[in-house]
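Take a look at the letters that make up each chain.
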Amino acid sequence: MTKIAKVRAPYIKTELPGPNARRVLEKDERYISPSYTRSYPLVIKRGYGPVIEDVDGNLFLDFNAGVAVLATGHAHPEIVEAISKQAAEFVHISSTDYYYEQLTDLAKKLGELTPGDFAKRVHFGNSGAEALEAALKVAMYATRRPKFIAFFNSFHGRTLGALSLTSSRSAQRRGFGRQAVDVTHIPYATCKRCAYGKQPDSCNVECVSVIEDRLFKTTVPHEEVAGIVVEPVQGEGGYVVPPAKFLQALRAVCDKYGILLIFDEVQSGVGRTGRMFACEHFGVVPDVICLAKALGGGLPLSATVARAELMQWHRGAHASTFGGNPVAIAAAMKTIEILENGVMENAVRMGERLLTGLRQIADRHADVVFDVRGLGLMVGIEFVTDRVTNTPDVALRDQIEVEAFHRGLILQGAGESTIRFSPPLIVDEYDVDTALEIFDRSIEAAKAAVRAGKTA
Ligand SMILES: Cc1ncc(COP(=O)(O)O)c(C=O)c1O
């Protein structure tokens, strides 16, 4: 693993937001779409490794990585070099109409890396939502069926097709009428809050058997279902890790009825869980896998990787002017190379350290912590108002995020009341221990603020 010269964070020297940040926030307030979902006023100037410097010279420890994107951290010198080199050659030509070897090299690499010992083809896009759009179209075209099954609390993007799959918040749907694609949602394998009231010893994977026992017999005839779309680890829904039997049972239903199993690994893929893809932890191979976020090393790039025999559509059926941009591909190839050179092992070790530390914090705050869970460096901790009703404590979770920001730690919420930890995969012991220490103090401060009714 390449050692990156690091500045240690945090170091907060102004009030937050500082004077320069306030200037940007005023402009943002005036010119930027109010639909964005910022939780606190971080205004970045530059970043190095796991450190962000804001426009006022404050240093933050970044445990969000631009929403699970920057696997190798900010401004990794090898990524910067790969980007510059490709930019000096050619920045764009459009894969829709022209050929270039970079496109084929990454497609070949993804075909080899993704699970499944069979021929694959790749369609490139620019965002997670686009990866899902392509998957929906591949599945509809290949099966000639119109319907999909997806899961509550899932997030698959906000374009109209992807939005039909997304079900993590009503705010994402409100105002946009009926869904564009015919999707039926069922509960995810959130075992600690099992929708069927089961415990691990009484579980018969009802969250999958409901498909055959209920949906196929009532509203969703199996011969009309093109695909089941699922996140192997639920991301925006709260970093929920399902048991392996959930994904295995989904695979079995798909095989039985000729339905495609589509894994959305936009957030969990490309090293985040300590394996190249989260589904490797469960030993389940999908027919289609969607990738984005970390894939482009910080540049916009997505890929929909499908069994070759499924991606047999006519010219013009699907394409994107910018999809598979050569500069983004250069960053992707370098990202994969870096991950394969020790960074995923680091994610496993640091993930264990983070989980252990969070479990100790959970013990100290047993009155408000419901669960700590995760794989690799995809780790969540869920907060509740009390340990009798286990009601999600949204106010406390939101306040913890703000308290952490003011102490120089960048975190983000997921699900109703979970804090997610998705740092760059190159973090070291110092970073993890520092984050844990700040997080502990932030919980203490947030509890006091919520009790006093003085939340941000
Ligand atoms: C699992 C998953 N799928 C799809 C998306 C959508 O990605 P994008 O925001 O790049 O469209 C996200 C974004 O968070 C995601 O986590």
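Scroll up to find the structure.
Remember, it's a predicted structure, so these values are computed and weren't measured experimentally.

A. Main features of the overall build of the chain. Looking only at helices and strands, one finds 11 helices and 15 strands in the chain. Taken against the 2.2 N^0.38 rule, which gives 23 Å for 456 residues, the C-alpha radius of gyration of the chain at 22 Å falls within 12% of a compact globule. In terms of its C-alpha atoms, the chain occupies a principal-axis envelope of roughly 60 × 60 × 45 Å. Within the chain, buried positions represent 50% of all 456 residues. Looking at the chain alone, contacts between residues at least 24 apart form 74% of all its contacts between residues at least 6 apart.

B. Spatial organisation of the site of the ligand. Among the 15 residues in the neighbourhood of the ligand, the closest are listed as Gly128, Ala129, Gly157, Val266 and Gln267. Here the shell around the ligand takes three residues from helix 5 (residues 128-143), the largest share from any one element. When grouped by side-chain class, the residues that make up the shell around the ligand number six nonpolar, six polar and three charged.

C. Spatial organisation of the sheet that holds strand 15 (residues 418-421). The strand order across the open sheet formed by four strands is 11-12-15-14, and the pairing between neighbours is antiparallel. At either end of the open sheet lies a strand with only one pairing partner, and these are strand 11 (369-375) and strand 14 (412-414). The average undirected angle you get between the axes of adjacent strands in this sheet is 30 degrees. Of the strands in this sheet, strand 11, strand 12 (378-383) and strand 15 touch helix 9 (residues 326-364), which is tilted by about 175 degrees from strand 11.

D. Region of the structure containing the sheet that holds strand 10 (residues 302-307). Spatial ordering of the open sheet is given by 4-10-9-8-7-5-6, a layout of seven strands whose pairing is mixed. Lying at the two open borders of the sheet, with one neighbouring strand each, are strand 4 (120-125) and strand 6 (182-186). Recorded for the sheet is a direction-independent mean angle of 20 degrees between the axes of neighbouring strands. Pairing of strand 5 (residues 147-151) with strand 7 (residues 225-230), which is carried by three bridges, proceeds in the parallel orientation. Note that in strand 7 the partner of Lys147 across the bridge is Val225. Its contacts with the sheet place helix 5 against strand 4, strand 5, strand 7, strand 8 (260-264), strand 9 (288-291) and strand 10, and it is angled at close to 25 degrees to strand 10.

E. Molecular detail of the nonpolar core. Ranked by size, the top nonpolar core spans 128 residues in total, and within it Ala135, Phe148, Ile262, Cys290, Leu291 and Leu409 carry the most contacts. It is helix 9 that contributes the most residues to this core, 15 residues altogether. Counting the residues that make up this core, at least three belong to each of domain 1 (19-71 + 342-451) and domain 2 (93-324). Contacts of Phe148, omitting those with residues within four sequence positions, involve Leu136, Leu165, Val181, Asp182, Val183, Val225, Ala226, Gly227 and Val229.

F. Inspection of unusual backbone geometry at higher detail. The linkage connecting Ala9 with the following residue, Pro10, adopts the cis geometry, with an omega of 5 degrees. As for its placement among the helices and strands, Pro10 is situated in the segment before helix 1 (19-31). Of note in the backbone geometry, Asn153 takes a positive phi value of approximately 70 degrees without being a glycine. The residue Asn153 is located in the loop between strand 5 and helix 6 (160-165) in this model. A positive phi is found at Val205, a non-glycine position, where the angle reads about 50 degrees. In this structure, Val205 sits in the loop between strand 6 and helix 7 (206-215).

G. Quick peek at helix 10 (residues 394-406). The end-to-end C-alpha distance of helix 10 is 19 Å, a good match for the 18 Å that 13 residues give at a rise of 1.5 Å each. Here helix 10 lies mainly inside the structure; 10 of its 13 residues are buried. In the core, the buried residues of helix 10 are packed alongside strand 12, strand 13 (409-410), strand 14, strand 15 and helix 11 (429-451). Just past helix 10, the residue Gly408 takes up positive phi, approximately 90 degrees.

H. Spatial organisation of the pairing of strand 11. The buried fraction of strand 11 is high, at five of seven residues. Taken together, strand 11 and the strand that follows it, strand 12, pair antiparallel across an intervening segment of two residues, in which Gly376 is found at a positive phi of about 55 degrees.

Rules of the game
Residues numbered from 1 in each chain as written. Predicted model: local features only at pLDDT ≥ 70, side-chain atom pairs only at ≥ 80, totals over all residues. Helix = DSSP H or I, 4+ residues; strand = E, 2+ residues; numbered from the N terminus. Rg over C-alpha atoms; globule rule 2.2 N^0.38 Å. Buried ≥ 20, exposed ≤ 12 C-beta atoms within 10 Å, placed from the backbone. Contact = placed C-beta atoms within 7 Å. Near = placed C-beta within 6 Å. Nonpolar A, V, L, I, M, F, W, Y, C, P; charged D, E, K, R; others polar. Pairing = 2+ DSSP bridges. Axes fitted to C-alpha atoms, helices over the stretch in contact; angles between N-to-C directions. Core = buried A, V, L, I, M, F, W, Y, C linked by C-beta atoms within 7 Å. Domains from an automatic or database assignment. Expected span 1.5 Å × (residues − 1).

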